Amino acid sequence: MTDLTRARGLALLRQMVLIRRFEEKAAELYTEGKIRGFLHLYIGEEAVAVGAMQALTADDNIVATYREHGQALVRGVSAGAVMAEMYGKANGCSRGRGGSMHLFDVSRRFWGGHAIVGGSLPVAVGLALADHMRSRRAVTACFFGDGAVAEGAFHESLNLAALWRLPVLFVCENNLYAMGTALERHQARTHIVGKAEAAGVAGDSVDGMDVLAVEAATRRAAEAVREGAGPRLVEARTYRFRAHSMYDPDLYRTKEEIERWKARDPIALFTAALREQGLLTDEDIAALEASVGAEIAAAVAEAEAGPWEPVENLLRDVHTPMDR
Amino acid sequence: MTDLTRARGLALLRQMVLIRRFEEKAAELYTEGKIRGFLHLYIGEEAVAVGAMQALTADDNIVATYREHGQALVRGVSAGAVMAEMYGKANGCSRGRGGSMHLFDVSRRFWGGHAIVGGSLPVAVGLALADHMRSRRAVTACFFGDGAVAEGAFHESLNLAALWRLPVLFVCENNLYAMGTALERHQARTHIVGKAEAAGVAGDSVDGMDVLAVEAATRRAAEAVREGAGPRLVEARTYRFRAHSMYDPDLYRTKEEIERWKARDPIALFTAALREQGLLTDEDIAALEASVGAEIAAAVAEAEAGPWEPVENLLRDVHTPMDR
Amino acid sequence: MTKMTYREAARSALREALRSDPRVFLMGEDVGRYGGAFAVSRGLLEEFGPERVRDTPLSENTFVGAGIGAALGGMRPIVEVMTVNFSLLALDQIVNNAATLRHMSGGQLSVPLVVRMATGGGRQLAAQHSHSLEGWYAHVPGITVVTPGTADDARRLLLAALREPDPVFVFEHAYLYPMEGEVDETAGPGEIGRAAVRREGRDLSIITYGGSLPKVLQATDVLATEGIEAEVVDLRTLRPLDTATVLASVARTHRALIVDEGWRTCSFAAEVSARIMERGFYDLDGPVQRVCSAEVPMPYARHMEEAALPQAATIAAAAREMLPRRG
Amino acid sequence: MTKMTYREAARSALREALRSDPRVFLMGEDVGRYGGAFAVSRGLLEEFGPERVRDTPLSENTFVGAGIGAALGGMRPIVEVMTVNFSLLALDQIVNNAATLRHMSGGQLSVPLVVRMATGGGRQLAAQHSHSLEGWYAHVPGITVVTPGTADDARRLLLAALREPDPVFVFEHAYLYPMEGEVDETAGPGEIGRAAVRREGRDLSIITYGGSLPKVLQATDVLATEGIEAEVVDLRTLRPLDTATVLASVARTHRALIVDEGWRTCSFAAEVSARIMERGFYDLDGPVQRVCSAEVPMPYARHMEEAALPQAATIAAAAREMLPRRG
Ligand SMILES: Cc1ncc(C[n+]2csc(CCOP(=O)(O)OP(=O)(O)O)c2C)c(N)n1
Ligand SMILES: Cc1ncc(C[n+]2csc(CCOP(=O)(O)OP(=O)(O)O)c2C)c(N)n1
Ligand SMILES: [Mg+2]
Ligand SMILES: [Mg+2]
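Owing to the predicted nature of the structure, the values given are computational and were not obtained by experimental measurement.

Draft legend 1. The arrangement of the overall build of chain A in detail. What chain A contains, in helices and strands, is twelve helices and eight strands. Dimensions of chain A, computed from the C-alpha atoms along their principal axes, are close to 65 × 50 × 40 Å. For chain A, buried positions account for 65% of its 324 residues. Pairs at least 24 apart in sequence give 74% of the contacts found in chain A among residues at least 6 apart. Here chain A has roughly 10800 Å² of accessible surface; of this, 52% comes from carbon and sulfur atoms.

Right, here's the structure in full:
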């Protein structure tokens, strides 16, 4: 934790708090019926998106899952655009076509929100292939869960990326569960880094509740990828504090287990660390919460005020307009 | 090579020679147009099927690829039934429905000839699951090539078999090529056993040109599987002497490489070893070749004489007849 | 007769099958500890234990293939693929193995496998989670495709599927799960390959299946208030299709409208239309029409999704359009 | 005009594309060193090098997905899936990604991907290697499906596919590869979405595509000797379908026969029939008919496979059957 300036500490903290409060609000709006469909909360896992994203530049590509509010916000997609998307409004970041699971912002090289587990890994490999062939010096960071490790696409993608030495950074958000199935009940061997290595991808495992550790590990890996060393994998061990989705009764985990992990809340941990180093005051926290609260209130207002796409546009964006 | 009796030595040699001569004949018949479709020759790889099959009992299940004449013959499917199948005759082992790639003999628990690379592994896992649930003490041996290792199904299947500790014996026939693509051009890491281990399946690698070594390795693995230790993988390093299929111009390998491997012809090696130990005479070889020759001649005659399925039966065997 | 939801009816069939046949087991993602993504299998792990209610890893291709293998090996597997959307990952096993093994082997074996999956849209799950691919499945020889549209059928067709010696794919429309219906839990298996006339009527035949059935019945209620009596044919099984019942209805009404949640082009509805063309042409007073989903990946926004899917109102409008102007 | 095989014509388009656009590259199993399973890409590795002609591992789902990603990233990938049979492993990427990404993102991106694959039966490759799934692909909004039936189209439609901003699936019937035809190598890209009348005739319209085209033309030659003049419509593009050309032909001939190598139920032919039903009903003198493949996993034996597939003789017989008895 050397070299941590107050400014940087506050910035990281704010990103994590923004995700947390944004999602708490989203959960509320879901109960009100403003947001519908599937809503997967990232609460508890904020340090992964925040830490990892520090190591990525504007030229890099991001590919995420359906649990991607965190990545989108940290990448700079505005809270308003994300909220409007979840409302299904035309000012949403995917024009209301995608919803919570399909946030896109191509201007930020944020290539979505993917809802088929494992299905985004091949796409990430392809983005990296394009960069490689075009000699763009960029990293494609692909986030996915532990559940995706069971899919054939995981192994195929790692092999192809390694075989062609493509600049992919695989970030496995290992929150120990794929819906209700614990890691050790879906993987005979739970050592994810070992699987990556068997495919030819060097890997590293990191405490996903420690934002600085995630940042450091991702930075090391991303730099290697950027230098042309081929793909890397970072496994961040984390935990989701909420149920899998708003439909999930969460019957498969014990209260004790959840509490144990909550004691390692990444925001609380980082707050404590900053305080301990004298980098954070009560006033800072109050100010930060106020600013985040205002940002979210504005986001909700933006979503509320946003227009509905006219139904006449139903068939829009199925094909790209083209002069023939 | 201790404990090798003359009888056993002759039996192993005969099986390898039978496959070799059978396929040489099949290649000839292909040129004559008697056999059509795809024909994938096993020539050069005989020691794998012959060695591995020694470790399996009549209760065990066999699942093979489209390059499966060897496995079928060693399993006891008659040369006539296989030849007739390749002729497309109704007395073929799959009634002429399958051809060379789809040899079946359920009475011998020979569950086919499968032509989708990697597609048979999940089926093998399921057969083992049935045995496990029915408390049948049997091994399901699943043969596949190095090319299949690239398919997601390989990884998914190994994981599932290991997770549920199912009695599957994965036999990887690593002949160094998937069609025209060399192993190191399709796998970033060519260490197949390492991949198995990452999935939780203990593995072993063996010289696939040495029939006794294959037998020994398979026996060790099969016994562990049979004892309930969960799945095992055996990689047999081998080489196909012929082109991938009758369509393949074989432009991707050098003559020298082929010749180097032909110098390790499994039949020649085993013949020499038997001779050296005084277990084989010239007369033995002559007698063996004569007996194999007669068996193949009879097989061809059986195929030639076999009936064509009446065209009226086209829709037969799409569904199982059932009294409703 | 008991009132129960479609979900409970499906569960009732699962329980009955697990109780009565030791060869039956259930496997799929989250069918056990989680209780099933749609809570269909809730309680079954507790009753039957982890050997017979098996949570699988996220490996659709492999656990469907393992179901095929287990069926070959003497079991009666029921594989739950959480939704049809994920079954795209398993199509190799389904088309190249489940459907072909019997034939390729010259009739030496059977694959008594039941695969259940939730299908359809209408829950704002967007473009990757809203497919209706029943028509694709119905294209494949060697398999049977059933699409229960009522709670009673959810139970009885699942029981029937388990009697089949060959692979059966059961499509449960997610939108139907909470719907209630009368179920006779003492009744035996239903009959695969038999359509049902859900409503009689003389003016036109509306032919549908699965999740569209309630919408069609809503539409016909409205039409009835206008004096239009539509006959409703619920196909129930898409493969083999009960063409006779369809043709008999068309012979009575002389007009047919097909309602199908699949995308319009190459929908199952196209097949029904083509069959009426081939075998009912001279009974027709006008062209057979289709109401299908719009040809667009499903949009998330509620109003857009509603516009993309067949609705009672669009069905009623299409029916009116087909009838000669009155008055 | 040069005489060349369908294979050479496809290769000519590949070469032209690789030469003229640095963003174009080819990847797939054995497209390089081996020269392509059907020798379509023979010589291209030597000419363009391993960066632009890429052999992939056996990982259909992933290399198709990588094609999608590369298209997003600014390239113009041509992915060869060796045959449609193996594309079953890639359908998740195709349906859930290639076809949906543009829409799901609200129109922010395009996926200019071309996927080529060999399709069809007739070479005694049995049940896992003989599929004709063009009708499945044609069901999916967001993609384009082309099915060149002549050497010239093999070249020109592939060039056209490369101009499209969205994913195009090109089905090359394996049976056509060795067939020769006149090709104008100076001609530009063909027009996607435009059918061709390959033969004019007044008595009935035979509508077909891809590998069935030569069989239909054989059949119409025979019919002509009997005084039956059939019009032959080659669809060329299945999605979007050129319904206007089909309807115009039917309006002239009043009878339509559709020939499609897919299994009959839910074949693409069903869609064509349904469209004629909906928009050409009053032009018809009799029901539209279909000649499709028998509903059976493809048997290996030659005589059985021949019986399972549409043949010139069965096509001609079906056509005769549709016409009023003469004499
Ligand atoms: C291929 C596929 N199968 C099943 C699902 C249903 N599903 C959605 S999320 C999920 C669990 C994924 O777990 P993991 O990858 O660990 O991600 P997490 O939700 O824990 O972030 C499942 C089974 C899906 N979306 N895609
Ligand atoms: C899924 C799939 N993709 C492609 C093919 C075409 N194909 C047939 S055999 C083969 C190579 C397989 O190599 P390997 O597994 O090493 O087996 P070998 O032929 O060497 O015995 C390929 C690419 C196929 N049959 N299945
Ligand atoms: Mg997880
Ligand atoms: Mg090989």
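Draft legend 2. Expanded view of the site of ligand 2. Neighbouring ligand 2 are 22 residues, the closest being Tyr 66, Arg 67, Asp 146 and Gly 147 of chain B together with Glu 60 of chain D. Backbone polar atom of Ala 115 of chain B to a nitrogen atom of ligand 2: 2.9 Å apart, as the coordinates give it. At a separation of 2.8 Å, an oxygen atom of ligand 2 approaches a polar side-chain atom of Asp 146 of chain B. Relative to its unbound accessible area of 580 Å², ligand 2 is 97% covered by the protein chains. Grouping the constituent residues of the shell around ligand 2 by class yields twelve nonpolar, five polar and five charged.

Draft legend 3. Quick look at empty space enclosed by the protein. Taken as a whole, this structure holds 15 cavities of 30 Å³ or more when the rule is applied. Empty space within the largest cavity amounts to approximately 170 Å³. Here the lining of the largest cavity is composed, by residue class, of five nonpolar, six polar and five charged.

Draft legend 4. Spatial organisation of the relation of the copies chain D and chain C. Its rotation angle being 180 degrees, the transformation that places chain D on chain C also includes 0.0 Å of axial translation and leaves an RMSD of 0.0 Å. What we have between these two chains is a two-fold relation. Of the interface residues in chain D, 100% have counterparts in chain C that sit at the interface too, so the contact is made through matching surfaces.

Draft legend 5. The arrangement of the coordination of the magnesium ion (ligand 4) in detail. Residue and element names in this part refer to chain B. In the first shell of the magnesium ion (ligand 4), the protein supplies Asp 146 (OD), Asn 175 (OD1) and Tyr 177 (O), at 2.0 to 2.1 Å from the metal. Positions of the donor residues of the magnesium ion (ligand 4), expressed as sequence spacing, correspond to D-x28-N-x1-Y. On the criterion of sequence distance, the pair formed by Asp 146 in the loop between strand S3 (140–145) and helix H6 (152–163) and Asn 175 in the loop between strand S4 (168–174) and strand S5 (177–178) is long-range, its members being 29 residues apart.

Draft legend 6. Spatial organisation of the site of ligand 1. Taken together, 22 residues are adjacent to ligand 1, and Tyr 66, Arg 67, Asp 146 and Gly 147 of chain A together with Glu 60 of chain C come closest. Those residues lying near ligand 1 are distributed over chains A and C. A distance of 3.0 Å is found between a nitrogen atom of ligand 1 and a backbone nitrogen or oxygen belonging to Val 117 of chain A. Between ligand 1 and Gly 147 of chain A, the relevant distance is 2.8 Å, taken from an oxygen atom to a main-chain nitrogen or oxygen of the residue. When isolated, ligand 1 has an accessible area of 580 Å², and the protein chains bury 96% of it. Looking at the shell around ligand 1, its residues break down into twelve nonpolar, five polar and five charged.

Draft legend 7. Representation of the sheet that holds strand S1 (residues 61–65) of chain A in the model. Residue and element names in this part refer to chain A. Across the sheet, six strands lie side by side as S2-S1-S3-S4-S8-S7; this open sheet has parallel pairing. Unpaired on one side and paired on the other, strand S2 (110–114) and strand S7 (202–207) mark the two borders of the sheet. Strand-to-strand twist of the sheet, defined as the mean angle between neighbouring strand axes without regard to direction, takes the value 15 degrees. Taken together, the three bridges between S1 and S2 define a ladder with parallel strand orientation. Opposite Ala 64, over in S2, you have Gly 113 as the bridge partner.

Draft legend 8. Quick peek at the environment of Thr 147 of chain D. Mapped onto the elements of the fold, Thr 147 of chain D is located in the loop between strand S6 (144–146) and helix H8 (151–161). Through-space distance from the C-alpha of Thr 147 of chain D to that of His 173 of chain D is 8.0 Å; in sequence the pair is 26 residues apart.

Draft legend 9. Molecular detail of the interface of chain C and chain A. Taken together, the contact pairs 32 residues of chain C with 40 residues of chain A. Across the chain C to chain A interface the summed buried area is about 3100 Å²; carbon plus sulfur atoms make up 62%. Taken together, the links from chain C to chain A amount to one salt bridge. Between Arg 185 of chain A and Asp 55 of chain C there is a salt bridge; the shortest N-O distance is 3.2 Å. Summed over the shared surface of chain C and chain A, the result is 13 residue pairs in polar contact (both at pLDDT 80 or more). Examining the composition of the side of chain C that touches chain A, we find that five residues originate from one element, helix H12 (residues 302–308) of chain C, more than from any other. Tallied by class, residues from the side of chain C that touches chain A come to 19 nonpolar, five polar and eight charged.

Draft legend 10. Seen up close, helix H11 (residues 266–276) of chain B. Residue and element names in this part refer to chain B. Here H11 has its buried residues at Pro 266, Ile 267, Phe 270, Thr 271, Ala 273 and Leu 274. The arc enclosing the buried residues of H11, seen along the axis, measures out at 165 degrees, which places them on a common side. Considering only its buried residues, H11 is in contact with helix H1 (6–31), helix H2 (46–53), helix H9 (211–226) and helix H12 (282–305). Where H11 begins, the side chain of Asp 265 points an oxygen toward the backbone nitrogen of Ile 267, at a separation of 2.8 Å. Gly 278 sits one or two positions beyond H11 and adopts a positive phi of about 70 degrees.

Draft legend 11. Structural detail: the interface of chain D and chain C. Taken together, the contact between chain D and chain C spans 52 residues of the former and 52 residues of the latter. At the boundary of chain D with chain C, total buried surface from both sides reaches about 4700 Å², with 64% on carbon and sulfur atoms. The largest per-residue losses of area from chain D upon contact with chain C belong to Trp 136, His 139 and Met 277 of chain D, which jointly make up 16% of the total buried on that side. Across the contact surface, chain D and chain C share eight salt bridges.

Draft legend 12. Looking closely at the packing of aromatic side chains. Summed over all chains, the structure comprises 28 aromatic pairs over all chains. Each ring, one from Tyr 177 of chain A and one from Tyr 252 of chain A, has its centre 5.6 Å from the other, and the planes form 45 degrees; the classification is tilted. Highlighted residues: Tyr 177 of chain A in strand S5 (residues 177–178) and Tyr 252 of chain A in the loop between strand S8 (232–237) and helix H10 (255–262), separated in sequence by 75 residues. Judged by relative accessible area, which is 9%, Tyr 177 of chain A ranks as buried. Overall, the relative accessible area of 4% leaves Tyr 252 of chain A in the buried class. Judged by centre distance (5.7 Å) and plane angle (20 degrees), the rings of Tyr 252 of chain A and Tyr 34 of chain C are stacked.

Draft legend 13. View of unusual backbone geometry. With omega at 0 degrees, the peptide bond leading from Arg 239 of chain C into Pro 240 of chain C counts as cis. Note that Pro 240 of chain C resides in the loop between strand S12 (237–239) and helix H10 (243–253). Positive phi values are uncommon outside glycine, yet Arg 236 of chain D reaches one of about 65 degrees. Here Arg 236 of chain D is to be found in the loop between strand S11 (230–234) and strand S12 (237–239). Given the relative accessible area of 15%, Arg 236 of chain D is considered buried.

Draft legend 14. Structural view of the state of the cysteines. All names here are of chain A. Tallying each qualifying case throughout the model produces zero disulfides over all chains. No disulfide involves Cys 93; its nearest neighbouring cysteine sulfur is the one of Cys 142, lying 18 Å away. Overall, Cys 93 belongs to the buried group, its relative accessible area being 13%. Cys 142 provides the cysteine sulfur closest to Cys 172, a residue in no disulfide bond, and the two sulfurs are 10 Å apart. Overall, the relative accessible area of 0% leaves Cys 172 in the buried class.

Draft legend 15. Summary view of the side chain of His 103 of chain D. With respect to the helices, strands and loops of the structure, His 103 of chain D is situated in helix H6 (residues 101–104). At 3.5 Å, the side chain of His 103 of chain D forms a polar contact with the side chain of Arg 97 of chain A. If near-sequence neighbours (up to four positions away) are discounted, His 103 of chain D is found in contact with Arg 97, Leu 314, Arg 316, Asp 317 and Val 318 of chain A together with Val 296, Pro 297 and Pro 299 of chain C.

Draft legend 16. Focus on the pattern of salt bridges. This model, assessed by the stated rule, comprises 95 salt bridges over all chains. Between Glu 304 of chain B and Lys 34 of chain B there is a salt bridge whose closest N-O contact spans 3.2 Å. In this pair, Glu 304 of chain B is assigned in helix H12 and Lys 34 of chain B in the loop between H1 and H2, connecting sequence segments 270 residues apart. For Glu 304 of chain B, a relative accessible area of 35% corresponds to the partly exposed category. Look at Lys 34 of chain B and you get partly exposed, because its relative accessible area is 34%. Across the pair Arg 116 of chain D and Glu 172 of chain D runs a salt bridge whose closest N-O atoms are separated by 2.9 Å. Of this pair, Arg 116 of chain D sits in strand S5 (residues 114–119) while Glu 172 of chain D sits in strand S7 (residues 168–173); the two residues are 56 residues apart in sequence, bridging distant segments of the chain. You'll find Arg 116 of chain D and Glu 172 of chain D in the same group, each marked buried.

Calculation notes
- Residues numbered from 1 in each chain as written.
- Chains lettered and ligands numbered in written order.
- Predicted model: local features only at pLDDT ≥ 70, side-chain atom pairs only at ≥ 80, totals over all residues.
- Heavy atoms only, no water.
- Helix = DSSP H or I, 4+ residues; strand = E, 2+ residues; numbered from the N terminus.
- Buried < 20%, exposed > 50% of the residue type's maximum accessible area, 1.4 Å probe, protein only.
- Contact = heavy atoms within 4.5 Å.
- Areas by Shrake-Rupley, 256 points an atom, 1.4 Å probe, with all protein chains shown as cover.
- Near = heavy atom within 4 Å.
- Polar contact = N/O pair within 3.5 Å; in protein donor to acceptor, adjacent residues only side chain to side chain.
- Nonpolar A, V, L, I, M, F, W, Y, C, P; charged D, E, K, R; others polar.
- 1 Å grid on protein atoms, 1.4 Å probe; cavity = no way out; pocket = protein on both sides within 12 Å on 5 of 7 lines; lining within 4 Å.
- Points joined across faces, edges and corners; volume = space filled by probe spheres on them.
- Least-squares fit on C-alpha atoms with pLDDT ≥ 70 in both.
- Donors = N, O, S within 2.8 Å, 3.2 Å for Na, K, Ca; no water.
- Pairing = 2+ DSSP bridges.
- Axes fitted to C-alpha atoms, helices over the stretch in contact; angles between N-to-C directions.
- Buried area = accessible area lost by both parts, 1.4 Å probe.
- Salt bridge = Lys/Arg side-chain N within 4 Å of Asp/Glu carboxyl O.
- Arc of directions from axis to C-beta.
- Phe/Tyr/Trp six-rings, centres within 6.5 Å; stacked < 30°, edge-to-face > 60°.
- Disulfide = S-S within 2.5 Å.

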